[in-house]
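Analysis of the macromolecular model
So you can see what is in the structure, the chains are spelled out below.
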Amino acid sequence: MSDAAALPSLKSDQLFINLGPQHPSTHGVLRLGLTLEGELIVKAVPDIGYLHRGTEKLAEVRGYHHCVVLTDRWDYVSAMPNNLVFCLAAEKLMGVKAPARADALRVMTCELNRCASHLLFFGTYGIDVGAFTPFLYAFREREMILDLFEMLCGARLTYNYIRLGGVGMDVSADWLTRAKEFLEYFKPRLDEYDTLLTYNPIFMARTRGVGLVSAAEAVNWGLSGPNLRGSGVNYDVRKHDPYSGYESYDFEVPLGQEGSCWDRYVCRVREMRQSIRIIEQALARLPEGPILAPGVAKVPKPAAGEVYAHVEGSRGDLGIYLVSDGGISPYRMHVRAPSFVNLAMLEEKLAGMKVADVIAVLGSIDIVLGEVDR
Amino acid sequence: MTQDELFAKIQGQFPQVQKAQIQVKDYLTVRLSSKDDLLPLSSWLKENSFDYLDMLTGTDYLGPTDMKGYISQPNFNPFLPEGATPQIEPSAAAGFPYRPVLDLLWSFVSLKEKQRVIVKLELQRDSPSVPSLTGLFKAADWQERETYDLLGVRYEGHPNLTKILTPEFTSGHPLRKDYAHVKDRFDE
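Remember, predicted model here, so these are calculated numbers, not experimental data. (Residues numbered from 1 in each chain as written. Chains lettered and ligands numbered in written order. Predicted model: local features only at pLDDT ≥ 70, side-chain atom pairs only at ≥ 80, totals over all residues. Heavy atoms only, no water.)

1. Structural notes on the layout of surface pockets
Quick note on the threshold: A cavity here means a set of 1 Å grid points, computed over protein atoms only, where a 1.4 Å probe fits but cannot escape. A pocket is an open set with protein on both sides within 12 Å along at least 5 of 7 lines, and lining residues have an atom within 4 Å of a point. Grid points are joined across faces, edges and corners, and a volume is the space filled by probe spheres set on the points. Strands here mean DSSP runs of E at least two residues long; helices mean DSSP runs of H or I at least four residues long; both are numbered from the N terminus. Throughout this entry, Asp, Glu, Lys and Arg are counted as charged residues, while Ala, Val, Leu, Ile, Met, Phe, Trp, Tyr, Cys and Pro are counted as nonpolar. The remaining residues, Gly among them, count as polar.
Here the largest pocket is characterised by a volume of approximately 1300 Å³. Secondary-structure elements contributing two or more residues to the lining of the largest pocket are β2 (31-37), β3 (40-47) and α2 (55-58) of chain A together with α3 (140-151) of chain B. In terms of residue class, the lining of the largest pocket is built from 19 nonpolar, 14 polar and 17 charged. There is about 590 Å³ of room inside the second largest pocket. What lines the second largest pocket is a set of 27 residues, and nearest its centre among them are Lys92, Asp241 and Pro242 of chain A together with Asp26 and Tyr27 of chain B. Breaking the lining of the second largest pocket down by element, the ones donating at least two residues are α4 (79-94) and β6 (305-312) of chain A together with β4 (101-110) and β5 (115-124) of chain B.

2. Quick word on helix α3 (residues 64-71) of chain A
Residue and element names in this part refer to chain A. Put simply, the rule is: The cut-offs for exposure are 20% and 50% of the maximum accessible area for each residue type, with area from a 1.4 Å probe on protein chains only; residues under the lower value are buried, those over the upper are exposed, and the others partly exposed. To obtain the arc, one takes the directions from the helix axis to the C-beta atoms. We call two residues in contact when some of their heavy atoms are within 4.5 Å.
Of all the positions in α3, only Tyr64, Cys67, Val68, Leu70 and Thr71 are classed as buried. All buried residues of α3 fall inside an arc of 160° around its axis, so they share one side. Of the surrounding elements, those touching the buried residues of α3 are α2, α4, β4 (162-163) and β7 (317-324).

3. What about the packing of α3 of chain A against α4 of chain A?
Describing two packed helices takes the angle between their axes plus the distance from one axis to the other. All names here are of chain A. Cut-off, in case you're wondering: Lines fitted to the C-alpha atoms define the axes, with helices restricted to the stretch that makes contact. Angles between their N-to-C directions range from 0 to 180 degrees. Working rule for angles: under 35 degrees goes down as roughly parallel, over 145 as roughly antiparallel, 65 to 115 as roughly perpendicular, anything else as oblique. By convention the crossing between two helices is left-handed if the near helix lies anticlockwise of the far one by an angle smaller than a right angle, and right-handed if it lies clockwise.
Viewed as axis vectors pointing N to C, α3 and α4 meet at an angle of 155°, and their least axial separation amounts to 8 Å. Considering the angle they form, α3 stands roughly antiparallel to α4. Regarding α3 and α4, the two cross each other, and that crossing is right-handed. Here α3 contributes Tyr64, Cys67, Val68 and Thr71 to the contact with α4, which in turn contributes Asn82, Asn83, Phe86, Cys87, Ala90, Leu93 and Met94. Here the contact of α3 with α4 is built from residues that sort into eight nonpolar, three polar and no charged.

4. Some words on the sheet that holds strand β1 (residues 18-19) of chain B
Strand pairing in a sheet is mediated by backbone hydrogen bonds. Such pairs are either parallel or antiparallel. Residues and elements named next belong to chain B. Inclusion rule: Two strands pair under a simple rule: DSSP has to find at least two bridges between them.
Here we have five strands laid out as an open sheet, ordered β1-β2-β5-β4-β3, and mixed in their pairing. The strands lining the two open edges of the sheet, one partner per strand, are β1 and β3 (52-60). Alignment of β1 against strand β2 (residues 28-31), held across two bridges, turns out to be antiparallel. Residue pairing for β2: Gln18 is matched across the bridge by Arg31. The sheet strands contacting helix α1 (residues 3-13) are β1, β2 and β5, and the helix crosses β2 at an angle near 25°.

5. Notes on the pairing of β4 of chain B
Sheet faces and side chains relate simply in a regular strand, where the side chains alternate between the two faces. Residues and elements named next belong to chain B. Here β4 lies mainly inside the structure; ten of its ten residues are buried. Burial along β4 is two-sided: the face carrying Val101, Asp103, Leu105, Ser107 and Val109 and the face carrying Leu102, Leu104, Trp106, Phe108 and Ser110 are both buried. Where β3 meets β4, eight bridges bridge the pair, whose relative direction is antiparallel. Note that in β4 the partner of Leu53 across the bridge is Phe108. Here β4 runs beside β5; their pairing, made up of ten bridges, is antiparallel. Paired with Trp106 across the bridge in β5 is Val119. Here β4 folds back onto β5 in antiparallel fashion, the turn holding four residues, of which Lys114 has a positive phi close to 55°.

6. What to know about empty space enclosed by the protein
Enumeration over the complete set of coordinates arrives at three cavities of 30 Å³ or more. Here the second largest cavity is characterised by a volume of approximately 40 Å³. For the lining of the second largest cavity, the secondary structure elements donating two or more residues are β8 (332-336) of chain A together with β3 and α3 of chain B. Among the residues forming the lining of the second largest cavity, the class breakdown is three nonpolar, four polar and three charged.

7. Focus: the packing of aromatic side chains
All names here are of chain A. To be explicit about the condition: Two rings belonging to Phe, Tyr or Trp (six-membered ring only in the last case) form a pair when the distance between their centres is within 6.5 Å. Interplanar angles under 30 degrees mark stacking, angles over 60 mark edge-to-face geometry, and anything in between is tilted. Charge over a ring is defined by NZ of Lys or CZ of Arg lying within 6 Å of the ring centre and within 35 degrees of the ring normal.
By the definition in use, this model includes 25 aromatic pairs over all chains. Plain terms: the ring middles of Phe149 and Tyr159 are 4.7 Å apart, the flat faces sit at 55° to each other, and that makes the pair tilted. With Phe149 in helix α6 (residues 133-153) and Tyr159 in the loop between α6 and β4, this residue pair connects regions lying ten residues apart in the sequence. Taken together, the aromatic side chains of Phe121, Phe122, Tyr125, Tyr193, Phe203 and Tyr265 make up a single cluster linked through ring pairs. The ring centre of Tyr185 lies 4.5 Å from the NZ or CZ of Arg189, which sits over that ring. The ring of Trp262 has Arg208 lying over it, and the distance from NZ or CZ to the ring centre is 4.5 Å.

8. Describing the environment of Arg62 of chain A
Residues and elements named next belong to chain A. Rules: As used in this structure description, the phrase polar contact means that two N or O atoms lie within 3.5 Å; if the pair is within protein, one of them must be able to donate a hydrogen and the other to accept it, and residues adjacent in sequence are counted only when both atoms belong to side chains.
Looking at the secondary structure, you find Arg62 in the loop between α2 and α3. Since its relative accessible area comes to 21%, Arg62 is described here as partly exposed. Considered as a pair, Arg62 and Tyr331 are 269 residues apart in the sequence and their alpha carbons are 10.0 Å apart. A distance of 3.4 Å separates a polar atom in the side chain of Arg62 from the backbone oxygen of Leu58.

9. Some details on the sheet that holds β2 of chain A
All names here are of chain A. Taken in spatial order, the three strands line up as β1-β2-β3 in an open sheet, and their pairing is antiparallel. For this open sheet the edge positions go to β1 (14-19) and β3, each flanked by a neighbour on one side alone. With direction set aside, neighbouring strand axes in the sheet form an average angle of 20°. Note: β1 against β2, six bridges, orientation antiparallel. For Asn18, the partnering residue across the bridge sits in β2 and is Gly33.

10. Considerations on the nonpolar core
Spelled out, the test is: To define a nonpolar core, start from buried Ala, Val, Leu, Ile, Met, Phe, Trp, Tyr and Cys residues and group those joined through side-chain atoms within 4.5 Å.
In this structure, Phe86, Tyr265 and Leu322 of chain A together with Trp106 and Phe108 of chain B are the most contacted members of the largest nonpolar core, which totals 158 residues. Examining the composition of this core, we find that twelve residues originate from one element, helix α5 (residues 100-128) of chain A, more than from any other. Beyond its immediate sequence surroundings of up to four residues, Trp106 of chain B is in contact with Leu38, Leu53, Met55, Leu56, Val117, Ile118, Val119, Leu121, Val130, Leu133 and Tyr155 of chain B. Val323 of chain A together with Tyr27, Val101 and Ile118 of chain B belong to the second largest nonpolar core, which has twelve residues in total.

What follows is the structure, encoded as structure tokens:
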């Protein structure tokens, strides 16, 4: 007994490790410089910019129609809202309004894309915390959504489907049948996910009470999307500042309670059910008519002015600030990228956590590095 | 609360704050006369339910970007023979007030009132500096670093004003209109 007390105390040093940029759990090229003391994180420094392509600058030397192609490359797992937000901003500048059929198609594709994006999150988040099976289930369904998109516009990830003044292609009767079939197939799957992962005791133990973000903190950090709603703050652009006719759809905004990783996860899973409701309503009401508004020039030259448009993207409040000087390209385009703003809280949140929780917290923020870096 | 009521409320507190000449469509846009008003106005907005700093950015109004260096083939028509005079070249739009200023923008949102107010401030292009909002809104942290990196605005009082998006070895601020790329080891 007394011998142990006489031993010299163990020497402990701080250890610096790099997580990423090429690490599967960082969901892209995010580098985290972690300073550890044993298993505790003393300091975490996120390093971004590996995927910076300067799309804001590129937009200044391209025509408005070309810019839609650039937008696909931000959040490449949910590109429809990106297309939409740029088109909404440019349409505001030009004073054009999309026809009713185009609006319904926009809503439908954006909500399908939200499901695809949340499915990817559901699958990869399971892997992040050690459950491999949900990934295979999620990708089975996601594949069907991507097939639908491929049938619609020929692309699986970068769609360029939503165009200035409407949408690029009309849907066929065959597509509508397949979309309805998919929804019928998808609805019972959501209950499966709950039994598979949501209420799995191991998963809950791993994510509940981890990475807590209070409502006041979430607002102060400027979080948006499921990250903000996971903390119980009811802010959804579709309800607060409706666009494309969202005010006429009947849906709810799922909210979390304590702002833990599990709450953010649950918000996303519940959102898929609301997305299905919206798609069903859009399918039921899909009006006949043109899909493109008349009066959008091949080389648009909107009058000088400034606009801001924002949509509820899959990751949060996605906004575009557009300045026109009357020329053929946007004079200035700024993207309010939800992933970028959401990620900023990581530095403060990670300090004081255990290493094992890093991936659980990072995964629950659900970032796409293409959008963080732009 | 309508835009006019909101503006009247702001002007009741800060009579020097004016409505911007060019409004951001659909949202109330106000212009500050000096950067000393920024911090009092933001903290007043924060106390009056505008506690969500949505976005901050800026615009360089020097003149349109020179296409050279960004587009290898400036002809928008791919069927034109090589060397033909470009059909369309963006040039300075007639009548647009280009001037050597940086126009900064902050966008505050009230989640309760479903309102947005956009605050603008013009600064001279050479060595622009403005107080940082990081003390009030943590959301300002990375977005100010981004604006510093891409536009070269110094935010006084920011705890860690360093580059965030562009690599360490590059110089200059890419979103400035006179930015020229300096060849580095990654160019061929």
